[in-house]
Amino acid sequence: MTEQLTFVAVHAHPDDEASSTGGVFPLLASQGVRTVLVTCTNGECGDDPTGKKPEHDDHDGDAVAALRRIELETAVDILNIDRLVMLGYRDSGMDGWPQNSDPRSFWQTPVDVAAAKLLAVLREERPQVVMTYNDFGFYGHPDHIQAHRITMAAVAQLDYEPTVYFNAIPKAVFAEFRARRREAAIAKGEVVEEDDGVDFGTPDEQIAAAIDISTVNGLKFDALSAHASQITEESHWMRMGREGFMNTMRTEWFVRATNPHGLEGVVTDLFAGYR
């Protein structure tokens, strides 16, 4: 009997599954791989339906979370994800926000406590491949950093070693995306935002997987669109339009954090070594 291939992605918030793995989820599903999404927080610190941020007195985090749950379930259906697990922690907000100190927040939850909940899922699913963020949480968000911490802590307690990948964008690609957004804004006569100096790009030599998602990236766009309360029509993705998005967003990249099969170079299949 052939072993069931299983992929588990550990994400911080509703909508993260679409932005960094919205291609590999449906691609793997089409290949017969079982796909599992673990979402660590409920997303209370997102924008409310009127666009208000959490600092507004009338921002209702619980209502935001309820709406984001509906959007997440829609995206899960679009991406053909087999199982959704929500760990149920409260959104910690961006770095430096007062929500970081909320004892109910994911950021304030002891790593071993949250890791134990994730470990139970990993033991049930026994995935060969696990995806999460690097130790900087890709861009420094506390919940992304915490997702990294609990994933690595849980993986370390398994009785086998899966291949763990972190999402990434090559430096050259990130610079190109940033330049395109700037050019588009100038062409429309819009105010160009100053560069915030944060470089999310990963050196090319660290990229270990480049996955062609061109056959399914329309589904990725649709999943992003499902998160309409957070990814508005003014976002850089939505402003591309579905066709423009499909012509542009054709690859998802990853860094390999564990390598039980001793893989070398850049693979084009997250399950390289397993099939």
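Okay, so let's go over this structure. Going along each chain's sequence as written, the residues are numbered from 1 onward. The predicted origin of the model limits local features to residues at a pLDDT of at least 70 and limits the giving and counting of side-chain atom pairs to 80 or more, whereas totals for whole chains, interfaces and linings rest on all residues. Computation of side-chain values covers all heavy atoms of the structure but excludes hydrogens and water.

Remarks on the side chain of His 141
Part 1 of the reasoning: Within the secondary structure, His 141 is located in the loop between strand S4 (129–132) and helix H5 (142–155).
Part 2 of the reasoning: Here His 141 falls in the buried class, since its relative accessible area comes to 5%.
Part 3 of the reasoning: Counting of polar contacts relies on pairs of N or O atoms within 3.5 Å, with two restrictions inside protein: one atom must be capable of donating a hydrogen and the other of accepting it, and residues adjacent in sequence are counted only when both atoms are side-chain atoms. A polar side-chain atom of His 141 sits 3.5 Å from the main-chain carbonyl oxygen of Gly 93.
Part 4 of the reasoning: Reaching out from His 141, the side chain makes a polar contact with the backbone nitrogen of Asp 143 at a distance of 3.0 Å.
Part 5 of the reasoning: Residue contacts are counted whenever heavy atoms from the two residues lie within 4.5 Å of one another. Every residue in contact with His 141, bar those within four places of it in the chain, is listed here: His 13, Asp 91, Gly 93, Met 94 and Phe 136. Helix and strand definitions here come from DSSP, where helices need a minimum of 4 consecutive H or I residues and strands a minimum of 2 consecutive E residues; each element is numbered from the N-terminal end. Partly exposed residues are those whose accessible area sits between 20% and 50% of the maximum for their type, while under 20% is buried and over 50% is exposed, using a 1.4 Å probe and protein chains only.

A few points about helix H4 (residues 111–125)
Part 1 of the reasoning: An expected span of 1.5 Å times one less than the residue number is assigned to each helix. For H4, which comprises 15 residues, the first-to-last C-alpha distance of 21 Å matches the rise-based estimate of 21 Å (1.5 Å per residue) to within 8%.
Part 2 of the reasoning: Three or more residues of H4 are buried, namely Ala 114, Ala 115, Leu 118, Leu 119, Val 121, Leu 122 and Glu 125.
Part 3 of the reasoning: Residues of H4 that are buried sit in contact with strand S1 (6–11), strand S2 (34–41), strand S3 (83–89), S4 and H5.
Part 4 of the reasoning: Positioned one or two residues after H4, Arg 126 has a phi angle of 45 degrees, which is positive.

Some details on the nonpolar core
Part 1 of the reasoning: Residue types Ala, Val, Leu, Ile, Met, Phe, Trp, Tyr and Cys, when buried and joined through side-chain atoms within 4.5 Å, form a set referred to as a nonpolar core. Judged by nonpolar contacts, the single largest core of 71 residues is most densely connected at Phe 7 and Leu 270.
Part 2 of the reasoning: If you tally residues by element for this core, the top one is H4, at six residues.
Part 3 of the reasoning: The residues contacting Leu 270, other than those within four sequence positions of it, are Phe 7, Val 24, Leu 28, Val 129, Tyr 165, Ala 209, Ile 211 and Phe 254.

Regarding the packing of aromatic side chains
Part 1 of the reasoning: Within 6.5 Å between ring centres, the rings of Phe, Tyr and Trp (the latter by its six-membered ring) count as paired, and their orientation is classed by plane angle as stacked under 30 degrees, edge-to-face over 60, tilted in between. Applying the stated rule across the entire model yields five aromatic pairs.
Part 2 of the reasoning: Taking the centre distance of 5.3 Å and the plane angle of 25 degrees together, the rings of Tyr 89 and Phe 106 count as stacked. One end of the pair, Tyr 89, is in strand S3; the other, Phe 106, is in the loop between S3 and H4, with 17 residues separating them in the sequence.
Part 3 of the reasoning: Taking the centre distance of 6.1 Å and the plane angle of 70 degrees together, the rings of Phe 271 and Tyr 274 count as edge-to-face.
Part 4 of the reasoning: Exposure remark for Phe 271: the relative accessible area of 0% places this residue in the buried category.

Observations concerning helix H8 (residues 236–248)
Part 1 of the reasoning: Between its first and last C-alpha, H8 extends only 12 Å over 13 residues, short of the 18 Å set by a 1.5 Å rise per residue.
Part 2 of the reasoning: Trp 237, Met 238 and Phe 245 are the residues of H8 that are buried.
Part 3 of the reasoning: Contacts from the buried residues of H8 go to helix H1 (16–21) and helix H7 (217–226).

Quick look at the sheet that holds S4
Part 1 of the reasoning: DSSP-based pairing: two strands are paired if at least 2 bridges between them are found. Strand order in the open sheet formed by seven strands is S3-S2-S1-S4-S5-S7-S6, with mixed pairing between adjacent strands. Sheet topology places S3 and strand S6 (209–212) at the edges, where each strand pairs with a single neighbour. Strand-to-strand, the axes of this sheet are offset by a mean angle of 25 degrees, without reference to chain direction.
Part 2 of the reasoning: Simply put, an axis is a line fit to the C-alpha atoms, just over the touching stretch for a helix, and the angle between two N-to-C directions goes from 0 to 180 degrees. Docked against the sheet, helix H3 (residues 61–78) engages S2 and S3, running at close to 155 degrees with respect to S3.

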